[in-house]
Amino acid sequence: MLTPQLINKTRLYSGLTLFTYVSIHLINHSLGLISVIAMQAMLDRVETIWESPPGTVVLYGALLVHMALALLALYRRRSLRMPATEAVQLCLGFLIPFLLAQHLAATRLSYSLYDGDDTYRAELLRLYTLDPMRGLLQVVLLIAAWTHGTIGVNYSLNTRSWYPAAKPALFAVAILVPVLALLGFWEGGREVSEMVVDPDVLARMLAHHALSPEAVAHLDLIRDWMRGTVAALILGVLVLRLVRRQWQRRRGTFRVTYPDGRRIEALIGTSVLEVSRMARIPHASVCGGRGRCSTCRIRVVAPASALPELSDAEMKVLHRVGAAPNVRLACQLRPTGHLSATPLLSPTITATDGLNAVGHMTGSEREIAILFADIRSFTELAETKLPYDVVFLLNRYFEEMGRAIEGAGGRVDKFIGDGIMALFGVDSGVEAGCRAALAAAAAMSDRLVHLNAVLSDDLPSPLRIGIGIHAGPAIVGEMGFGQTVSVTAIGDAVNTASRLEAMTKDHGVQLIVSEEVARHAAANLDRFPVMEIMVRGRVQPLTIRGIPLGSDLAG
Ligand code: FES
């Protein structure tokens, strides 16, 4: 059964095999900067692998499988509107077989069928000296294959947490490899050209490399047959798309309502991401719609009948990011009825931007600690104060709590009314994050005592706060719009931390900490009462500890 997951994996591994081959081939070209002999020495070694029976099966098998999956992907797309990077990758992918056909015929097939000369010297003589136009097409092939491959590798890596840090170095490699290959090709070509300045040498080489006219005609025929087959397959897929479109018209349409009120109608069978793209509604899709990155996810409001069941792959991704039950991947969801969809991540987090992005721009899943804090009964307090006093009071409070959080190594994520959300361990890991969050809670408690003492004349009663801390996987990335873009976190772990904070009031404590936090921080909280609560998205209850005051953690 061809599940999306299997297709994605097969496409990835066949692509990586081809990319490995291309990389080695380009490195081989770059040895032309040393000499044609050096190029040939490496080629002889490499050929023993790729021209061995297993190497041949792996290489050409990967090529055929990758092309078949590209045709399948073309068929499955309901819309050809896509981000520029995806369009470039798709077009280059279909251009490559046409250019490759000539190269294959002149090298591997010529050698295998007619014992032709497929050495570097022969190929450079043909491409650089005798037929520069073909040489130019070879350069186009080299650039097309490399660009197609690097875009694919970028898509496959840009959800990894280590990738943003490695990206500048990898980008440099991605530029250097083809540049050195082209320089090597150029230098090798010049060397061979100099060899054949002497007409006798040229005549000898031509005689040595010459194939019979019948062999040349046969190889040209095979080349044209390969090109014709690829063209026919692409055309066939486009025709099939048209047939399917007519058929789908009979199945009806569905409507997607976006948060700004736009309503877009599409044929049943179209994914929500494709609907967004068709309507030119910006929608994050870092992995290019491959169902891996989760950045396209949407909050859905729709009757169950409008939503197909989650596939295993979609379920796995949503589970990994701790998504709520009403969240789906827009690239995987093909609704059968009307729905409202709210994209959850900033559309600026795209693969295109990812090429230049640093830090958390592309978003990644990581385990962190999340702290929520809130002033108790602040609304009542605010009603007894002048607006100026309320602002002054809040700013003093935020200053003290912000210092406590940052002093412990956390990051204030946002102030929400009189509430605070803070993240810990975004860069240092969840263990250090949990330790820092507990230290922050203790410091906040201490600073609140100090603040209440300073403001005792201005307050009818001391400020009281509730703090909730939980740890778990969350999507961390730069989210927002325009000037409001900042690093934040989303996911069920965040919602749970907020819920723990809200529970402090019911339990009459200042701080509630989940057992996960205590475990990651290796903190012994056995002296505090334990409770169990049910949390959405978890099968097992969540064990929590109620702590009267944050400062009690120091005891
Ligand atoms: S675009 Fe990556 S999961 Fe949908």
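Because the structure is predicted, anything quoted here is derived from the model rather than measured.

Caption draft 1: A look at the overall build of the chain. The helix and strand tally for the chain stands at 17 helices and 13 strands. The C-alpha atoms of the chain give 31 Å as radius of gyration, which overshoots the globular expectation for 555 residues (24 Å, by more than 25%). The principal-axis extents of the C-alpha atoms in the chain amount to approximately 105 × 60 × 45 Å. A total of 555 residues make up the chain; the buried ones form 48% of that total. In the chain, once contacts between residues fewer than 6 apart in sequence are set aside, the share between residues at least 24 apart is 72%. In the structure as shown, the chain presents an accessible area of about 26,800 Å², 63% of it carried by carbon and sulfur atoms. For the chain, the centre of its 53 positive side-chain charges and the centre of its 49 negative side-chain charges are spaced 8 Å apart.

Caption draft 2: Examining helix 2 (residues 36-50) more closely. The terminal C-alpha atoms of helix 2 lie 20 Å apart, and with 15 residues this matches the ideal 21 Å at 1.5 Å per residue to within 8%. The elements touched by buried residues of helix 2 are helix 1 (4-30), helix 3 (53-76), helix 4 (84-114), helix 5 (120-130) and helix 7 (163-195).

Caption draft 3: Molecular detail of the packing of helix 1 against helix 3. Packing of helix 1 against helix 3 leaves a shortest axis separation of 9 Å and a crossing angle of 135°. In terms of orientation, helix 1 and helix 3 fall into the oblique class. The crossing of helix 1 and helix 3 is left-handed. Between helix 1 and helix 3, the contacting residues are P4, I7, T10, R11, S14, G15, T17, L18 and Y21 on the first element and V58, L59, A62, L63, V65, H66, L69, L72, A73 and R76 on the second. Tallied by class, residues from the contact of helix 1 with helix 3 come to twelve nonpolar, five polar and two charged.

Caption draft 4: Representation of the domain arrangement of the chain in the model. Domain boundaries in the chain define domain 1 (9-75 + 91-113 + 122-245), domain 2 (253-351) and domain 3 (359-554). Every contact between the two is made by seven residues of domain 1 and, on the other side, eight residues of domain 2. Where domain 1 meets domain 2, there are zero salt bridges. Linking domain 1 with domain 2 are one residue pair in polar contact (both at pLDDT 80 or more), by the criterion used here. Ranked by residues supplied to the side of domain 1 that touches domain 2, first place goes to helix 6 (residues 132-157) with three residues. For the side of domain 1 that touches domain 2, the per-class residue count stands at one nonpolar, four polar and two charged.

Caption draft 5: Quick look at a nonpolar patch on the surface. Together, L33, F171, I175, L176, V179, L180 and L183 make up an exposed nonpolar region whose accessible area comes to about 600 Å². Along the chain, L33 turns up in the loop between helix 1 and helix 2.

Analysis parameters
Residues numbered from 1 in each chain as written. Predicted model: local features only at pLDDT ≥ 70, side-chain atom pairs only at ≥ 80, totals over all residues. Heavy atoms only, no water. Helix = DSSP H or I, 4+ residues; strand = E, 2+ residues; numbered from the N terminus. Rg over C-alpha atoms; globule rule 2.2 N^0.38 Å. Buried < 20%, exposed > 50% of the residue type's maximum accessible area, 1.4 Å probe, protein only. Contact = heavy atoms within 4.5 Å. Areas by Shrake-Rupley, 256 points an atom, 1.4 Å probe, with all protein chains shown as cover. Lys, Arg positive; Asp, Glu negative; His and termini not counted. Charge placed at Lys NZ, Arg CZ, Asp CG, Glu CD. Expected span 1.5 Å × (residues − 1). Axes fitted to C-alpha atoms, helices over the stretch in contact; angles between N-to-C directions. Parallel < 35°, antiparallel > 145°, perpendicular 65-115°, else oblique. Left-handed = near helix turned anticlockwise from the far one by under 90°. Nonpolar A, V, L, I, M, F, W, Y, C, P; charged D, E, K, R; others polar. Domains from an automatic or database assignment. Salt bridge = Lys/Arg side-chain N within 4 Å of Asp/Glu carboxyl O. Polar contact = N/O pair within 3.5 Å; in protein donor to acceptor, adjacent residues only side chain to side chain. Patch = residues over 30% accessible without salt bridge, like charges linked within 9 Å, V, L, I, M, F, W, Y side chains within 5 Å.

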